[in-house]
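Coordinate inspection notes
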Amino acid sequence: MAEAPSTADAANAMWGGRFAEGPDAIMTAINASIRFDRRLYAQDIRGSRAHAAMLAATGIISDSDASAIGEGLLTVLSEIEAGAFAFSEALEDIHLNVESRLTEIVGEAGKRLHTARSRNDQVATDFRLWVREQCDAALGGIAALQRALLAQAEAGADWVMPGFTHLQVAQPVTWGHHMLAYVEMLGRDAGRFADARTRMNECPLGAAALAGTSFPIDRGMTAKALGFDRPMANSIDAVSDRDFALEFLSAAAICAMHLSRLAEELVIWSSAQFRFVRLSDRFTTGSSIMPQKRNPDAAELIRARTGRILGAAVALFTVMKGLPLAYSKDMQEDKEQVFDAADTLMLALAAMTGMVADMTADRAALERAASSGFSTATDLADWLVREAGLPFREAHHVTGALVALAEGKGCDLPDLTLEEMKSAHPAITGAVYSVLGVHNSVASRQSYGGTAPVRVREQVARWKARLA
């Protein structure tokens, strides 16, 4: 393992032309970012290899130096991946750690690597590459969860359950329709990550410190080598922009909020009071004192960790809101927030995918609950409009009177006699009972986007084809 340089030696090597002394230990502690930005090692080495190849292609450095740099960087990469690399806090960050070790390996050629670039455009490039990869990972995680939800939706396309507003029974819906609501939410999340990825896919490398460079570099070459669509068009913007990180955090926060809503429903549904679903042993825990307990801890932790992602977004917005152009050291505080948010989101997506794939919905319990709380009252009102010709407001009033009557008798609407029905309005006939069953109710909701099983199956097929 390579020996890390001392603080004074490292400082003199980097800043010796301007500074006579090394930094104070406290300054080193607050200034160094290697503790967390070492995660960018692969992106840093990839960017440096592309930069060296471009320097050679434009005649700024020799082909032999570029070859030595490229091979040396691969050696550094292998050392880091093998755990044999000595990271130095004195060298501040991943960029100087890699460059210092490269120079140890290849000698004078390594000192030519930093020609025509700055750590400002270097870190902006590395970070964009990393965040771009996280967008791709999020898209994969979202698609996996959507497939798990689609499997539930397809299996329960015609299972009835209560739909809620204000957490009160509203109208019957199908289990498949409820699952598809989250598929749609996640589809918008995927769209946000894809949009953010498109916007961030411009390359800062070559902007140098903030003003560009006098060397005849080819920014299009490095952009293409790194998979970017084009170089960024303004060198000041290139080094000072963190919109890409903010967009990622914003998309992650909205996605996490959706996961939290589903987690909340799983907590409620798995309770003894609901018993709508049973979560598997793989995603629940027991109690140290109450042997009967089966706690939905994975769902609860997803719900809680949403706060970390929201907090990361707020923190970075707060860092960026007061910064003048171009680069300020404040921007070093961008990475930990994004790293933690990305890790948290991917774990939450994986855990939710596992829970949804493993959970078992209780069809009988869902149907019993769907039949409670006068859930077909709206169907009765609609029948009065269609069949008896009542204005909807009058139909609403008549239905409300019948609900009050049933409630007073301790029964549901289908249990009222025809005479009792007629007491509210003489136009009611025995045909009204055909709309008061929950299965008839959901089957009738055939408008586009409705809960009818035929519509649910259509949407399942559409999403399966889209995800394929």
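Our structure is the block above this text.
Computed from a prediction, not measured in an experiment: that's the story for all the values here.

A separate point is the overall build of the protein. The secondary structure content of the protein amounts to 19 helices and 6 strands. Scaling as 2.2 N^0.38, a compact globule of 468 residues should have a C-alpha radius of gyration of about 23 Å, whereas the protein reaches 31 Å, well beyond that. Seen along its three principal axes, the alpha-carbon backbone of the protein occupies a region of about 100 × 55 × 40 Å. A total of 468 residues make up the protein; the buried ones form 49% of that total.

Now for the nonpolar core. W175, F193 and M352 are the most contacted members of the largest nonpolar core, which has 100 residues in total. Membership of the second largest hydrophobic core comes to 20 residues, among which are L384, L402, C411 and M421.

Glancing now at the side chain of R132. By the secondary structure assignment, R132 is in helix α7 (residues 119-155). Comment: no salt bridge for buried R132; closest opposite-charge side chain is D136, at 5.6 Å. Ignoring sequence-local partners within four residues, the contact set of R132 consists of R46, R197, M200, N201, L226, G227 and F228.

Moving on, we come to the packing of α7 against helix α13 (residues 335-358). Two numbers describe a pair of packed helices, the interaxial angle and the distance between the axes. Direction vectors running N to C along α7 and α13 enclose 15 degrees, while the axes themselves pass 9 Å from each other. If you check the angle between α7 and α13, you find them roughly parallel. Regarding α7 and α13, the two cross each other, and that crossing is left-handed.

This part covers the state of the cysteines. All told, the structure shown has 0 disulfides when counted by the stated rule. C135 provides the cysteine sulfur closest to C255, a residue in no disulfide bond, and the two sulfurs are 11 Å apart. Under the relative-accessibility criterion, C255 is labelled buried at 0%.

With that settled, consider the environment of H114. Relative to the helices and strands, H114 is located in the loop between α6 (94-106) and α7. With relative accessibility at 25%, the residue H114 sits in the partly exposed group. Sequence separation of H114 and H51 is 63 residues, and the distance between their C-alpha atoms is 8.7 Å. Setting aside residues no more than four positions away along its own chain, H114 makes contact with E99, R119 and Q122.

Taken as a whole and assessed by the stated rule, the structure comprises 9 aromatic pairs. An angle of 55 degrees between the planes, with centres 4.8 Å apart, marks the rings of F85 and F87 as tilted. Geometrically, the ring pair formed by W130 and F339 is edge-to-face, given 4.7 Å between the ring centres and 65 degrees between the ring planes. Here the residue W130 occupies a position in helix α7, and F339 occupies one in helix α13, the gap between them amounting to 209 residues.

In this sheet, strand β2 (residues 168-174) lies alongside strand β1 (residues 160-165) in antiparallel orientation, the contact comprising 6 bridges. Bridge pairing links V160 to T174 in β2. Hairpin remark: β1 followed by β2, antiparallel, with 2 residues in the connecting loop; positive phi at H166, about 60 degrees.

Turning our attention to the pattern of salt bridges. For the coordinates displayed, the defined rule picks out 27 salt bridges. In this structure, the salt-bridge partner of D379 is R445, at a minimum N-O distance of 2.8 Å. Taken together, the positions of D379 in helix α15 (residues 377-388) and R445 in the loop between α18 (438-444) and α19 (453-467) put the pair 66 residues apart, joining distant regions of the chain. Relative accessible area serves as the criterion here: at 22%, R445 is assigned to the partly exposed category. Among the ionic pairs, R445 bridges to D382, the shortest N-O distance being 3.5 Å. Note that R445 is positioned in the loop between α18 and α19 and D382 in helix α15, a separation of 63 residues in sequence. Taken together, the salt bridges that share partners define one network made up of E92, D93, R119 and K329.

With that out of the way, let us pick up a nonpolar patch on the surface. Judged by side-chain polarity, L210, I236 and L325 come together as a nonpolar surface patch covering roughly 280 Å² of accessible area. Looking at the element boundaries, I236 is found in helix α10 (residues 235-240). The class of I236 is partly exposed, set by a relative accessible area of 33%.

Omega for the peptide link from L325 to A326 comes to 10 degrees, which places this bond in the cis form. Along the chain, A326 falls in the loop between α12 (297-320) and α13. The backbone phi angle of A116 is positive, close to 65 degrees, even though this residue is not glycine. When you line up the elements, A116 lands in the loop between α6 and α7. One non-glycine residue, A208, adopts positive backbone phi at about 60 degrees. Of note, A208 is situated in the loop between β3 (202-203) and α9 (219-225). A208 gets classed as buried once you look at its relative accessible area, which sits at 9%.

Scoring rules and cut-offs
Residues numbered from 1 in each chain as written. Predicted model: local features only at pLDDT ≥ 70, side-chain atom pairs only at ≥ 80, totals over all residues. Heavy atoms only, no water. Helix = DSSP H or I, 4+ residues; strand = E, 2+ residues; numbered from the N terminus. Rg over C-alpha atoms; globule rule 2.2 N^0.38 Å. Buried < 20%, exposed > 50% of the residue type's maximum accessible area, 1.4 Å probe, protein only. Core = buried A, V, L, I, M, F, W, Y, C linked by side-chain atoms within 4.5 Å. Lys, Arg positive; Asp, Glu negative; His and termini not counted. Salt bridge = Lys/Arg side-chain N within 4 Å of Asp/Glu carboxyl O. Contact = heavy atoms within 4.5 Å. Axes fitted to C-alpha atoms, helices over the stretch in contact; angles between N-to-C directions. Parallel < 35°, antiparallel > 145°, perpendicular 65-115°, else oblique. Left-handed = near helix turned anticlockwise from the far one by under 90°. Disulfide = S-S within 2.5 Å. Phe/Tyr/Trp six-rings, centres within 6.5 Å; stacked < 30°, edge-to-face > 60°. Pairing = 2+ DSSP bridges. Patch = residues over 30% accessible without salt bridge, like charges linked within 9 Å, V, L, I, M, F, W, Y side chains within 5 Å. Areas by Shrake-Rupley, 256 points an atom, 1.4 Å probe, with all protein chains shown as cover.

By themselves these figures say nothing about function.
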